[in-house]
Amino acid sequence: MTRRQRKAPVLDKASRASPAGAPPAAMTRASSPPTQGTNGANGSNAASGVKGVGKTPSAGHAANPHSGLRPAATPMAGASARPVGALRPGHGPTTSLHGTARPTPVTDTKVKPVTTVKSKAHVAPVKVSTGNTGRHAKPAPVPSPDGIGLTSERVRVRMAERVAASGVKHAGVLAALATVPRHGFVDAGLANQAYEDAALPIGHGQTISKPSVVGRMIELLLASGRPLEKVLEIGTGCGYQAAVLSCVARDVYSIERVRPLHERAKANLRPLRVPNIRLHYGDGRLGLPAVAPFDGIVIAAAGLEIPDALLDQLAVGARLVAPVGGEQQILTLIERVGARQWRETQLDRVLFVPLKSGII
């Protein structure tokens, strides 16, 4: 009896190339790696602030003098890991970013992973609607912590540079001028002139002094090398010079005789939350004998002579700076060298409002 021989199955090339136990290569399909989303990362700041003169902030510092918060690096809200409507290769049409369906040719089943790119631009989280593919969604720029326009640190630094060019060299004074926002002490209609080296009207026949004059007077107080523990200012006005003084002195006492200006100075200084300024409504020619003696006195109005009450409230070794004269005014430095001795030095030609008695 003849035994029938079984024919061996014929295997194709793909089957012979497959390892034992593995399915034929013709039945395998490469799986697509998951697509990664792209995060927008916030850049870093440079700072003053501030406070260095000439420093150019990048997105924000704060040097601040008085310095800035930075938004955290956050991926765009609503952005998914896979583009809207995207399908795995070889499984039908895919939707483009403009919503047009087109067939996807199946030529290669291998998909390259998406590389995550870190952006250095400041972007705020943007919500993307699920019904929109995002062609109108653009990252909203985040304002720089250094501010823009009049609030920018750059405009204050440039003003301090101009004051330095006028002759003021004390680093502490220049840093104080680059810190205090002068536009917050003038009328809104004059804000675009706030950082010019010019005196501006503040109402009631009074003015805010030129930044170079403010810097010059404060520098003269500091030139003796005596620490400014207590400083007296006569003529608060809008409060700007008191704010600058607060950066270089431990305590600042300021007197204003015009009630509306006294209230305005309080309103101007309140947002800055300066803890070492004490404003008084009264006759500046009388000073503050209860607080005396002072390590420095600055008078922001011109009289024909320095009131004796103010000379007596000056500590021995301390300085007083004031304009003296009528139509022709001279910036004058008074140094108390003894219990009953003062030394006077005449300096620059200036122009101030007159120093008056009483209150209004």
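Fair warning: this is a prediction, and the values are worked out from it, not measured in the lab.

## What to know about the confidence of the model for the chain
- Averaged over all residues, the pLDDT of the chain equals 74, while 59% of them reach at least 70.
- Contacts for the low-pLDDT stretch residues 8-145, under 50 throughout, to residues beyond four places or in other chains number 166 contacts.

## Points about unusual backbone geometry
- Of the consecutive residues Ala292 and Pro293, the connecting peptide bond is found in the cis state with omega at 5°.
- Looking at the element boundaries, Pro293 is found in the loop between β7 (277-281) and β8 (294-299).
- One non-glycine residue, His204, lies in the positive phi region at around 60°.
- Following the sequence through the fold, His204 ends up in the loop between β3 (200-203) and β4 (206-208).
- The backbone phi angle of Arg273 is positive, close to 50°, even though this residue is not glycine.
- Mapped onto the secondary structure, Arg273 falls in the loop between α6 (259-269) and β7.

## Some remarks on the side chain of Gln313
- With respect to the element layout, Gln313 can be found in the loop between α7 (308-312) and β9 (314-325).
- Of the residues examined, Gln313 reaches a relative accessible area of 6% and is grouped as buried.
- Residues within four places of Gln313 in sequence aside, it is in contact with Leu232, Leu286, Gly287, Leu288, Pro289, Ala292, Pro293, Phe294 and Ile297.

## What about the pairing of strand β5 (residues 230-234)?
- For β5, a buried count of five out of five residues is recorded, marking the element as mostly surrounded by other parts of the structure.
- Covered by surrounding structure in β5 are Lys230, Leu232 and Ile234 together with Val231 and Glu233, the residues of both alternating faces.
- Where β5 lies against strand β6 (residues 251-256), five bridges are found, and the strand directions are parallel. Residue pairing in the sheet places Ile234 in a bridge with Ile255 of β6.
- Each parallel crossover has a hand, and for β5 linked through helix α5 (residues 240-245) to β6 it is right-handed.
- In this structure, β5 lies alongside β8, joined through four bridges in parallel fashion.

Each value, and the rule that gives it
- Position numbers for residues count from 1 along each chain, tracking the sequence in the order it is written.
- Only residues with pLDDT of at least 70 get local features here, since the model is predicted, and only at 80 or more are side-chain atom pairs given and counted; chain-wide, interface and lining totals rely on the full set of residues.
- The side-chain quantities take in all heavy atoms of the structure and omit both hydrogens and water.
- Confidence of the predictor at the level of single residues is given by pLDDT, which spans 0 to 100.
- Contacts are assigned to residue pairs with any non-hydrogen atoms lying within 4.5 Å of each other.
- Helical segments are the DSSP runs of H or I of at least four residues, strand segments are the runs of E of at least two, and each set is numbered from the N terminus.
- Type-normalised accessible area, obtained with a 1.4 Å probe on protein chains alone, sets the label of each residue: buried when under 20%, exposed when over 50%, and partly exposed for intermediate values.
- Here, any two strands with at least 2 DSSP bridges between them count as paired.
- Call a crossover right-handed when, viewed with both strands pointing away from you, the route from the first strand across the helix to the second goes clockwise.

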